[in-house]
Amino acid sequence: MAAIRCAQLGMQTAIIERYPTLGGTCLNVGCIPSKALLDSSEHFYNANCHFEAHGIMAEKIKLNWPRMRQRKDDVVVQTCDGIKYLMKKNKIKVISGHASFSDSKTISVSGTNGSKETVNTERVIIATGSKPSSIPGVIIDKKRIITSTEALNLEKVPEKLIVIGGGVIGLELGSVFSRLGSKVQVVEFLDRLISGMDFSLAKEVQRFLKKQGLEFFLNHTVQSAVVEGESVKVVAKNKKDKEVEFSGDYCLVAVGRRPFTDNLGLEKISLTLDDKGRIPVNEHLETAVPGIYAIGDVVAGDMLAHKAEEEGVFVAETIAGQKPHLNYKAIPGVLYTWPEAAGVGFTEDELKAENYNYKTGNFPFKALGRARASMDTDGFAKVLADKDTDEILGIHLVGARAADLIAEAVVALEYRASAEDIARMSHAHPTYAEAIKEAMLDASEKRSIHM
Amino acid sequence: MSIVEIKIPSPGESITEVEIGSWLKVDGDYVQLDETICEIETDKATLPLIAESAGRLKILLQEGETAGIGDVACSIDTDAEQPKINSSPTSSEVIAKSEEPSKRTTISDEASSASASYAAGHPSPAARKMMAEQGATDVSGSGPGGRIMTQDVEMHLQQNQDYSASTTDSKLEAPPPVVSGSRSIKRERMSRLRRKLAERLVAVKNETAMLTTFNEVDMHAIFELRSQSKEAFLQKFNIKLGYMGLFTKACTEALKDFPAVNAQIDGDQIVYHDYVDMGIAVSAPKGLMVPVVRNAESLTLAQIEFEIARLAKRARENKLSIDEMEGGTFSITNGGVFGSMLSTPILNPPQSAILGMHNIVERPMAIEGKVEIRPVMYLALSYDHRIVDGQQSVSFLVRVKEFLENPTRMLV
């Protein structure tokens, strides 16, 4: 994204990538392949669990896991080709190999075949992303104790999968295998799932995932994970400090990701990392070395592809002398279980912590004609608004297509719309989007009652 | 409650103070929109103060008080209800009178509640970027709830560049028209080019020590030269021998002896050029353009004529690129083609001097004790006195004059 925007702005641009394909985590081993599997597994799950209710009698439904994986791989290849085309179209030079700073204007690239190349440049954007991380006592062997990358390419569907971490990655991949027949147990250190998103979403997500068959063990601190032949034994301590044992044929470690700056030669340009391994940057996303910028997972903030995208465009335009702006509070977070969850702006806990005078509006999907028609009645829309001015402070959705619906909320936040503003805008009927309008009505009508 | 403040309008540029003459309404009266509520006296005339909304009047400046332009003379509470009229006008009048203010009140209510919105002054993402890039602050928003949209930023920038116009754009009442006839005005948006031009011209006036020196040229010799070699020149080079080429040549030759005229200020340094990139002012469809003839000092007359012809054609077709207009070190402008006798050209920044050509008129001249009729052009050289001294500028212009009066001197 940064490269394309740079090229659009007339800069001579090169991109250095150590992997054979461009696109980074998101495209190769993240968002795109996981969504491909989520969609496939959801079809399978629906065929097994919901078709009958719709009056479709399907028999002998069988899973062809290699075929499902192949389709996922095809999607990734198509998307990678799309990126290749975009590089060509924008005349961006693609250099393959591992980049390392020699000095602030020189980058040496070592290719996979041992070749060396030197690139001279005026400006550098570091966008090296992140790698899955682990916790003490758990050593990832990539065979039985695996990360999301390996989970996407498992030889066979596990019978029992232990997921360490109840965040977005753990829940999405947990959902995939649960739908495909695995018994999935999620072990989470905190007392809630998807930390960072509104607590109400966490509760609702936990409720429906439990209904779908996932098991949750909150407040459990994992002590160790040990491979024993064809299985993995995970030991955790619960709230009462009692040891609990889990065993499964795979253990997915989804406890977060660490910024990836290995062998980047940062010491050559005297750049030091912060305590979390991130590259410190100023408000222009420029590092301590003038002309060197950093974006995405290697800098502070949520590790989201769309956050990195905004930052990439921001830096490209900044280099070109423009003065773009970036509103981090209006970058949505999304969870692609089914139903989906998405939120943007302040969470209710954040407002409580600030003693903010706010009000809430809620609307359950159950009451939506559209949701009843599709039998997707789990979920709700929740809006948090300023009690005095009615300004929307946060919107949190869980329900069918929440990930797409959140776009409206982002527009509302960027324009500082009030709950009544959105409530007065027409929303097509019957749609899931009506839940947002109704939640806004709920929020603004309460105001009139109080006044 | 919404209150409209009525300020003392500007009666004219030279007037900074007025006196409150007499209030035609009493404090607390309900006034109608556009009603004259007060008479303001100035040194020159008496002006009416007009109610900008309907509502209850609150007088803030008393009769006889001296007030400055822009002071708040009174306020009008637009929420106040119009008192019932006790006399017995016809029913239609009642309706007309009571409907109108109430309608207006609603509108002004909406407007004022909009500006009081929590989001007033909140820029849209695109507007925020534009504001940051243009360094615009204090932009008032016209979007819902007073939000700032991109067109508000554009409007703001435009107004700031034309602030002098906006100060005279007050609600000043014109004297009663004595002649009948259309008094409609037409407003159109200034083009970006014109705005930029305006901004630059004002900046030059403010930021340089610009003055002009004049001289006259007896064009007799040039006329002779052209009539003698016009045909040959055209045949040989396939282009007409024009005045611009000869004047450019005269300037480039003279500039060699007066480098300060061809220099420019950069911060606290003076940049001298050992070349002349000659800006030639051309009237183009969208306004004045000044394309540049590069290294004019090393070009032959024919080459200069070719280059000027090429650039002028591109200017007329609006095809000039920024590159073709940047970096001139000296400029020539020819107001003579429009009939100008004498003018003081404005510098083309960051250049330090510009030569103004004018029309050629036959004038009586005293030559060797006799009056002769000669074709004469007045020349004007505007220059930046910060780096060009009077002696240099005057001598430069004299040198140009001498070259033009003895063209063989510069062509050999």
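Note that the structure is predicted; figures quoted are calculated from it, not measured.

Trainee: Please set out the nonpolar core residue by residue, giving values where relevant.
Mentor: Judged by nonpolar contacts, the single largest core of 51 residues is most densely connected at B:Phe330 and B:Leu355. With sequence-adjacent residues up to four places away left out, B:Leu355 is seen in contact with B:Phe247, B:Cys251, B:Phe330, B:Ser331, B:Ile332, B:Thr333, B:Pro345, B:Leu379, B:Ala380, B:Leu381 and B:Leu397. The next biggest cluster of nonpolar side chains, apart from the first, holds 37 residues, and it includes A:Leu37, A:Leu161, A:Leu252 and A:Ala254.

Trainee: Which residues make up the packing of helix H3 (residues 31-49) of chain A against helix H4 (residues 65-89) of chain A, and what values do they have?
Mentor: Residues and elements named next belong to chain A. Running from amino to carboxyl end, H3 crosses H4 at an angle of 140°, the nearest separation of the two axes being 9 Å. Considering their axes alone, H3 and H4 lie oblique with respect to each other. Where H3 crosses over H4, the handedness of that crossing is right-handed. Contacts between H3 and H4 pair Ile32, Pro33, Ala36, Leu37, Asp39, Ser40 and Ser41 from the former with Trp65, Met68, Arg71, Lys72, Val75, Val76 and Thr79 from the latter.

Trainee: Describe the sheet that holds strand E1 (residues 3-7) of chain B, listing the residues and the values that go with them.
Mentor: Residues and elements named next belong to chain B. As summarised here, the arrangement of the four strands in space is E1-E8-E6-E3, forming an open sheet in which the pairing is antiparallel. Strands with a single pairing partner mark the edges of an open sheet, and in this sheet they are E1 and strand E3 (30-31). In terms of strand pairing, strand E6 (residues 55-59) meets strand E8 (residues 72-77) through four bridges, oriented antiparallel. The residue of E8 that forms the bridge with Leu57 is Ile76.

Trainee: Report on helix H11 (residues 402-414) of chain A, specifying residues and quantitative values.
Mentor: Residue and element names in this part refer to chain A. For H11, with 13 residues, the first-to-last C-alpha span of 19 Å sits near the 18 Å given by 1.5 Å per residue. Taken together, the buried positions of H11 are occupied by Ala402, Ala403, Leu405, Ile406, Ala409, Val410, Ala412, Leu413 and Glu414. Arg416 sits one or two positions beyond H11 and adopts a positive phi of about 50°.

Trainee: Now, about the sheet that holds strand E21 (residues 380-386) of chain A: what can you tell me, with residues and values included?
Mentor: All names here are of chain A. Reading across the sheet, the five strands line up as E18-E19-E22-E21-E20 and stay open at both edges, with antiparallel pairing between neighbours. Single-partner strands in this sheet number two, and they are strand E18 (333-335) and strand E20 (358-364). When the angles between neighbouring strand axes are averaged without regard to direction, this sheet yields 10°. Bridge count between E21 and strand E22 (residues 392-399): six bridges; the pairing is antiparallel. Paired with Phe380 across the bridge in E22 is Val398. Here helix H7 (residues 199-212) sits on the sheet and contacts E18, strand E19 (340-345), E21 and E22; the angle it forms with E22, its principal contact strand, is near 0°.

Trainee: How would you sum up the pairing of strand E12 (residues 221-228) of chain A? Please name residues and give values.
Mentor: All names here are of chain A. Pairing of E12 with strand E13 (residues 231-237), which is carried by seven bridges, proceeds in the antiparallel orientation. For Val226, the partnering residue across the bridge sits in E13 and is Lys233. Linking two consecutive strands that pair antiparallel, namely E12 and E13, is a turn of two residues; a positive phi of about 65° is found at Gly229 within it.

Trainee: Residues and numbers for the interface of chain B and chain A, please.
Mentor: Frequently, the measure chosen for interface size is the accessible area removed from exposure when the parts meet. Counting residues at the interface gives twelve residues for chain B and 13 residues for chain A. Where chain B abuts chain A, roughly 1200 Å² becomes buried across the two surfaces, and 58% of that area is made up of carbon and sulfur atoms. The largest share of the area that chain B buries against chain A comes from B:Tyr118, B:Pro125 and B:Lys129, three residues that together contribute 49% of it. Between the two partners, chain B and chain A, sit two salt bridges. Across the pair B:Arg147 and A:Asp421 runs a salt bridge, and its minimum N-O distance is 3.7 Å. Taken together, the links from chain B to chain A amount to ten residue pairs in polar contact (both at pLDDT 80 or more).

Trainee: So what's going on with the pattern of salt bridges? Residues and values would help.
Mentor: Following the criterion strictly, the structure yields 36 salt bridges over all chains and no others. A salt bridge links A:Arg424 to A:Glu420, with the shortest nitrogen-to-oxygen separation between them at 2.6 Å. The class of A:Glu420 is partly exposed, set by a relative accessible area of 23%. Look at the salt bridges and you will find they share partners, linking A:Arg5, A:Glu317, B:Lys129 and B:Glu133 into a network.

Trainee: Kindly report on the side chain of B:Ser393, identifying the contributing residues and their values.
Mentor: All names here are of chain B. Checked against the element boundaries, Ser393 lands in helix H10 (residues 390-405). Looking at Ser393, its side chain comes within polar contact range of the side chain of Tyr383, at 3.3 Å. When near neighbours in sequence (up to four residues on either side) are disregarded, Ser393 contacts Thr213, Leu381, Tyr383 and Val388.

Trainee: An account of the side chain of A:Arg192 is requested, with residue identities and associated values reported.
Mentor: Residues and elements named next belong to chain A. Mapped onto the elements of the fold, Arg192 is located in the loop between strand E10 (183-187) and H7. For the buried Arg192, no salt bridge exists, and the shortest N-O distance to an oppositely charged side chain is 4.3 Å, to Asp349. There is a polar contact of 3.0 Å between the side chain of Arg192 and the backbone oxygen of Ile194. Among the polar contacts listed, one links the side chain of Arg192 to the backbone oxygen of Met197, at a separation of 2.5 Å. Not counting the four nearest positions on each side in its chain, Arg192 is found in contact with Met197, Asp198, Phe199, Ala202, Leu218 and Asp349.

Trainee: An account of the environment of A:Asp103 is needed here, citing residue identities and associated values.
Mentor: Residue and element names in this part refer to chain A. Assignment of secondary structure puts Asp103 in strand E3 (residues 98-103). Separated by 17 residues in the primary sequence, Asp103 and Asn120 have C-alpha atoms spaced 9.6 Å apart. At 2.7 Å, the side chain of Asp103 forms a polar contact with the backbone nitrogen of Lys105. Polar side-chain contacts of Asp103 include one of 2.9 Å to the side chain of Thr106.

Trainee: Please provide a residue-by-residue account of the packing of aromatic side chains, values included.
Mentor: Residues and elements named next belong to chain B. This model, assessed by the stated rule, comprises seven aromatic pairs over all chains. Arranged with centres 6.3 Å apart and planes meeting at 40°, the rings of Phe223 and Tyr243 form a pair that is tilted. In this pair, Phe223 is assigned in helix H6 (residues 220-237) and Tyr243 in helix H7 (residues 243-257), connecting sequence segments 20 residues apart. Accessibility expressed as a relative area gives 35% for Phe223, which makes it partly exposed.

Trainee: Can you tell me about helix H8 (residues 305-319) of chain A, naming the residues and giving the values?
Mentor: Three or four residues apart is the spacing at which side chains of an α-helix point the same way, because the helix has 3.6 residues per turn. Residue and element names in this part refer to chain A. Given a rise of 1.5 Å per residue, 15 residues ought to cover 21 Å, and the 21 Å separating the end C-alpha atoms of H8 matches this to within 8%. Within H8 the residues assigned to the buried category are Lys307, Glu311, Gly312, Phe314, Val315, Ala316, Glu317, Thr318 and Ile319. Phi turns positive one or two residues past the end of H8, at Gly321, with a value near 90°.

Trainee: Which residues make up the confidence of the model for chain B, and what are the values?
Mentor: All names here are of chain B. The predicted model of chain B has a mean per-residue pLDDT of 82, with 84% of residues at 70 or higher. Here helix H1 (residues 91-115) stands out as the element of chain B with the lowest mean pLDDT, 40, in contrast to strand E17 (residues 353-357), whose mean of 96 is the highest. pLDDT under 50 marks residues 164-173. Its contacts with residues more than four places away, or in other chains, come to nine contacts.

Trainee: How would you explain unusual backbone geometry if you had to name every residue and give the values?
Mentor: Put simply, A:Trp338 and A:Pro339 share a cis peptide bond, and its omega is -5°. The topology assignment puts A:Pro339 in the loop between E18 and E19. A cis amide bond links B:Pro349 with the next residue in sequence, B:Pro350, at an omega value of 0°. Looking at the secondary structure, you find B:Pro350 in the loop between strand E16 (330-334) and E17. One non-glycine residue, A:Asn355, lies in the positive phi region at around 60°. With respect to the element layout, A:Asn355 can be found in the loop between helix H9 (348-353) and E20. Positive phi values are uncommon outside glycine, yet B:Asp138 reaches one of about 55°. Along the chain, B:Asp138 turns up in the loop between helix H2 (125-134) and helix H3 (150-161).

Thresholds applied
Residues numbered from 1 in each chain as written. Chains lettered and ligands numbered in written order. Predicted model: local features only at pLDDT ≥ 70, side-chain atom pairs only at ≥ 80, totals over all residues. Heavy atoms only, no water. Core = buried A, V, L, I, M, F, W, Y, C linked by side-chain atoms within 4.5 Å. Buried < 20%, exposed > 50% of the residue type's maximum accessible area, 1.4 Å probe, protein only. Contact = heavy atoms within 4.5 Å. Axes fitted to C-alpha atoms, helices over the stretch in contact; angles between N-to-C directions. Helix = DSSP H or I, 4+ residues; strand = E, 2+ residues; numbered from the N terminus. Parallel < 35°, antiparallel > 145°, perpendicular 65-115°, else oblique. Left-handed = near helix turned anticlockwise from the far one by under 90°. Pairing = 2+ DSSP bridges. Expected span 1.5 Å × (residues − 1). Buried area = accessible area lost by both parts, 1.4 Å probe. Salt bridge = Lys/Arg side-chain N within 4 Å of Asp/Glu carboxyl O. Polar contact = N/O pair within 3.5 Å; in protein donor to acceptor, adjacent residues only side chain to side chain. Lys, Arg positive; Asp, Glu negative; His and termini not counted. Phe/Tyr/Trp six-rings, centres within 6.5 Å; stacked < 30°, edge-to-face > 60°. pLDDT = per-residue confidence, 0-100.

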